[in-house]
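Next come the chains, spelled out residue by residue.
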Amino acid sequence: HHHSRHSFPTRRSSDLNPQAVQYLPQALGILLARLIGLGFYPMLLMGRLFSVAAYTALAALAVSAAPRGSKEIFSAAALLPMGLSLAGSFSADTMVLGMAFLFTALCFAGMTEDKPVSFVRQAVLLVLAALLAPAKAIYLGMVALVFPMKAENLGGRLRSRIFKAFVCAAALIGWLAANGTTMAYMLRSVDTERIQLAILPALLLAAVCVAAWYKLH
């Protein structure tokens, strides 16, 4: 069986991951431009306009969800030159920044307000955690913002713990869906026997840390 020297690998549907969402606004703009028969440069402009619209919508939702006293901070952060520059481009950071604003605002509201976090907001937090984590590894740490959320706002201590565990799981699943294959390739030549020996102590340490955190809260 011979392969052409000019052949390129194709992406299968099973290879798709959550990172594709980061380019959704620009892709929709290009699709609309092609459907109405616009040329190349108008197509690029349409993609950028859709990017700005998505960033503006997410930032507006973040400001709306933010608790009193912090709305101005979120507004100012969303209007920083770097964010606006990225919003008008084809950068994946457009969606990442917008989702990060909204996730942070929802968490802050759950920390400071004295009212229940609605089912819709909880669902949005779960989805955002799953979509933000694959963007960059550093965004995995953002899920820690759910921990200071008041337990009474999430239906009591037990429901609060379950919800926060689901948010962490959603972030981890999203990150593995995007990077699992790469990590497996990187670890192909690693001494797995020593890693396996370290798994149990690491799990025990993690369990102790989680138990201590819940005991203090």
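Everything quoted here is computed from the prediction, not taken from an experiment.

### Remarks on a nonpolar patch on the surface
Here's step 1: Taken together, the side chains of Leu24, Leu28, Leu31, Leu32, Leu35, Ile36 and Leu38 make up a nonpolar region of the molecular surface, amounting to roughly 640 Å² of accessible area.
Here's step 2: On the secondary structure map, leucine 32 appears in helix α1 (residues 24–35).

### Observations regarding the packing of aromatic side chains
Here's step 1: Applying the stated criterion across every chain yields a total of three aromatic pairs.
Here's step 2: Between tyrosine 55 and phenylalanine 101, the ring centres sit 6.4 Å apart and the planes meet at 65°, which makes this aromatic pair edge-to-face. Here phenylalanine 101 lies in helix α5 (residues 93–112) and tyrosine 55 lies in helix α2 (residues 40–65), a separation of 46 residues in the sequence. Comparing tyrosine 55 with phenylalanine 101, the two get one shared label, buried.
Here's step 3: Judged by centre distance (6.0 Å) and plane angle (80°), the ring pair of phenylalanine 74 and phenylalanine 108 falls under edge-to-face. Remark: phenylalanine 108 occurs in helix α5 and phenylalanine 74 occurs in helix α3 (residues 71–78); sequence separation between them is 34 residues.

### Topic: the nonpolar core
Here's step 1: Ranked by size, the top nonpolar core spans 38 residues in total, and within it Met99, Phe103, Leu125, Leu132, Tyr139, Met149 and Val167 carry the most contacts.
Here's step 2: Put simply, the parts of the chain that give this core at least two residues each are α2, α3, α5, α6 (119–132) and α7 (157–186).
Here's step 3: With ten residues, α5 is the largest single contributor of residues to this core.
Here's step 4: Not counting the four nearest positions on each side in its chain, valine 167 is found in contact with Phe103, Leu126, Ala129, Val143 and Val146.

How each quantity is defined
- Residues numbered from 1 in each chain as written.
- Predicted model: local features only at pLDDT ≥ 70, side-chain atom pairs only at ≥ 80, totals over all residues.
- Heavy atoms only, no water.
- Patch = residues over 30% accessible without salt bridge, like charges linked within 9 Å, V, L, I, M, F, W, Y side chains within 5 Å.
- Areas by Shrake-Rupley, 256 points an atom, 1.4 Å probe, with all protein chains shown as cover.
- Salt bridge = Lys/Arg side-chain N within 4 Å of Asp/Glu carboxyl O.
- Helix = DSSP H or I, 4+ residues; strand = E, 2+ residues; numbered from the N terminus.
- Phe/Tyr/Trp six-rings, centres within 6.5 Å; stacked < 30°, edge-to-face > 60°.
- Buried < 20%, exposed > 50% of the residue type's maximum accessible area, 1.4 Å probe, protein only.
- Core = buried A, V, L, I, M, F, W, Y, C linked by side-chain atoms within 4.5 Å.
- Contact = heavy atoms within 4.5 Å.

Read these as layout, nothing more, since geometry by itself doesn't imply function.
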